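Residue-level listing of the chains:
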Amino acid sequence: MLNKLRTAALAVCVAAVGFAGTAHAELADILEAGTIKIGIPESFPPFGSLGAEGEYEGYDVDVAKLIAEDLGIEIELVPVTSKQRIPFLETDRVDLIISSMGANPERAKSIWFSSAYAPFFSGAFASTDMAISSMADLAGKKVGVTGGSLEDIELTENSPEGTEIIRFGDNAATLSAYVSGQVDVLVTGNTVAAQVSADNPDLSMETKFIIKESPAFIGVKKGNVDLLQWVNVFILHKKLGGQLNTFSEKWLGQKLPPLPSL
């Protein structure tokens, strides 16, 4: 009986230690630390990429810097790939993810989302002489997409039999594959395709069809209620004040459209 009591007491102590050691990047903790770590796109212009001066730049980077400015603290930018976004948030390697991330029920099982802060849609893009007008027309085509992205999920669930989906590790590799002719169709975001087309006018690329309207949301670790509330007020304030519209015109070449709130 004594051994059983000792075992039970030890189990309680272990559980208590485990609970005490859990990291929570709540708003108060961030303010006390004086630094916020924000995950931004590693190579996904115009949302985030390494600029000519060796520093990260883009829509998401500007939003991240503005958050730190409003909080009155320093910022540590953490470049992430599509597949790293949620794991980095869950393991406390970042406090927020601002990386052109769409919200869906599957991702919402793992993290929380703010209200939308940026416009975005996913589409299929190919040369003007290629006859494609719907998902059904992808059969028999080589389609390039970044693995783990929202576009990858949509393609996997809805593309017809015979579609050859070729997944790449990051957006830079996906775009390179399309430009070099390794794939027939590029499935990505509208802003990315627009930049590819501008950089490579000989490609004569056009939008074939829209796959999904997917505004971008800020990712917050589950349980960080105060941080989520603050971020939502921040987004509302910057929409009303015009700062997000300025970022949209600067990086996306369009006025900020109406965005959904959660």
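Residues numbered from 1 in each chain as written. Predicted model: local features only at pLDDT ≥ 70, side-chain atom pairs only at ≥ 80, totals over all residues. Heavy atoms only, no water.

### Concerning the pairing of strand β10 (residues 185-189)
Put simply, the rule is: Burial status follows relative accessibility: with a 1.4 Å probe on protein chains alone, a residue under 20% of its type maximum counts as buried, one over 50% as exposed, and anything between as partly exposed. Strands here mean DSSP runs of E at least two residues long; helices mean DSSP runs of H or I at least four residues long; both are numbered from the N terminus. A pair of strands is labelled paired if DSSP reports no fewer than 2 bridges between them.
Across the five residues of β10, five count as buried, placing the element largely inside the fold. Bridge count between strand β7 (residues 121-127) and β10: four bridges; the pairing is antiparallel. Across the sheet, A124 pairs through a bridge with V187, a residue of β10. Direction of pairing for strand β8 (residues 142-146) relative to β10: parallel, over a ladder of two bridges. By the bridge assignment, G144 is partnered in β10 with L186.

### Things to note about the environment of E32
Residue placement: E32 occurs in helix α2 (residues 27-33). Under the relative-accessibility criterion, E32 is labelled exposed at 69%. A C-alpha to C-alpha distance of 30 Å links E32 and S82, two positions 50 residues apart in sequence.

### Some details on the nonpolar core
To be explicit about the condition: Residues belong to a common nonpolar core when they are buried Ala, Val, Leu, Ile, Met, Phe, Trp, Tyr or Cys residues joined through side-chain atoms within 4.5 Å. Should any heavy atoms of two residues lie within 4.5 Å, those residues are counted as being in contact.
The biggest cluster of nonpolar side chains holds 72 residues, and the ones touching the most others in it are I36, Y59, V63, I67, L96, Y117 and V185. Per-element accounting of this core gives the leading share, eight residues, to helix α3 (residues 59-71). Not counting residues within four places of it along the chain, the set of residues in contact with V185 comprises A124, F125, A126, M130, I132, L138, K141, K142, V143, G144 and Y178.

### Things to note about the pairing of β7
Taking burial as the measure, the seven residues of β7 include seven buried ones, the bulk of the element. Taken together, the seven bridges between β7 and strand β11 (residues 205-213) define a ladder with antiparallel strand orientation. In the sheet register, F125 faces β11, and the bridge partner there is T207.

### Description of the confidence of the model for the protein
Stated precisely, the cut-off is as follows: You can read pLDDT as the predictor saying how much it trusts each residue, on a scale of 0 to 100.
Of all residues in the protein, 90% attain a pLDDT of 70 or more, and the chain-wide mean is 88. Every residue in residues 1-24 scores below 50 in pLDDT, and together they form four contacts with partners more than four places removed in sequence or on other chains.

### Re unusual backbone geometry
With omega at 5 degrees, the peptide bond leading from P45 into P46 counts as cis. Summarising the element assignment, P46 is placed in the loop between β1 (35-41) and β2 (49-50). Although it is not a glycine, D92 sits at a positive phi angle of roughly 65 degrees. Relative to the assigned elements, D92 resides in the loop between α4 (85-90) and β5 (96-101). Under the relative-accessibility criterion, D92 is labelled partly exposed at 25%. Its identity as a non-glycine residue notwithstanding, S204 has a phi of 50 degrees, on the positive side. Residue placement: S204 occurs in the loop between α7 (190-199) and β11.

### Observations concerning the side chain of S114
Position of S114 relative to the elements: it lies in strand β6 (residues 111-118). Sequence-distant contacts of S114, defined by excluding residues within four places in its chain, comprise F217, I218, L228, V231, N232, I235 and L262.

### Some details on helix α5 (residues 150-158)
Given 3.6 residues per turn, any residue in an α-helix points the same way as the ones three and four places further on. Of the positions making up α5, those classed as buried are L150, E151, D152, E154 and L155. As for α5, its buried residues are in contact with β7, β8, β9 (164-168), β10 and β11.

### Points about the packing of aromatic side chains
Stated precisely, the cut-off is as follows: Aromatic pairs are defined between Phe, Tyr and Trp rings, using the six-membered ring for Trp, whenever the two ring centres lie within 6.5 Å; interplanar angles under 30 degrees are classed as stacked, those over 60 as edge-to-face, and all others as tilted. Throughout this description, the term charge over a ring refers to an Arg CZ or Lys NZ atom that lies within 6 Å of the ring centre and within 35 degrees of the ring normal.
Inspection of the entire model under this criterion finds eight aromatic pairs. Relative to F120, the ring of F47 lies with its centre 5.6 Å away and its plane at 70 degrees, an arrangement referred to as edge-to-face. With F47 in the loop between β1 and β2 and F120 in the loop between β6 and β7, the pair connects residues that are 73 residues apart, well separated along the chain. Plain terms: the ring middles of F113 and F217 are 6.2 Å apart, the flat faces sit at 75 degrees to each other, and that makes the pair edge-to-face. Residue F113 is found in strand β6, and its partner F217 is found in strand β12 (residues 216-221); the two are separated by 104 residues along the sequence. An aromatic cluster is present here, built from F44, F47, Y59, Y117, F120 and F247 joined pairwise through their rings. Lying over the aromatic face of F88, R93 brings its terminal NZ or CZ to 4.0 Å of the ring centre.

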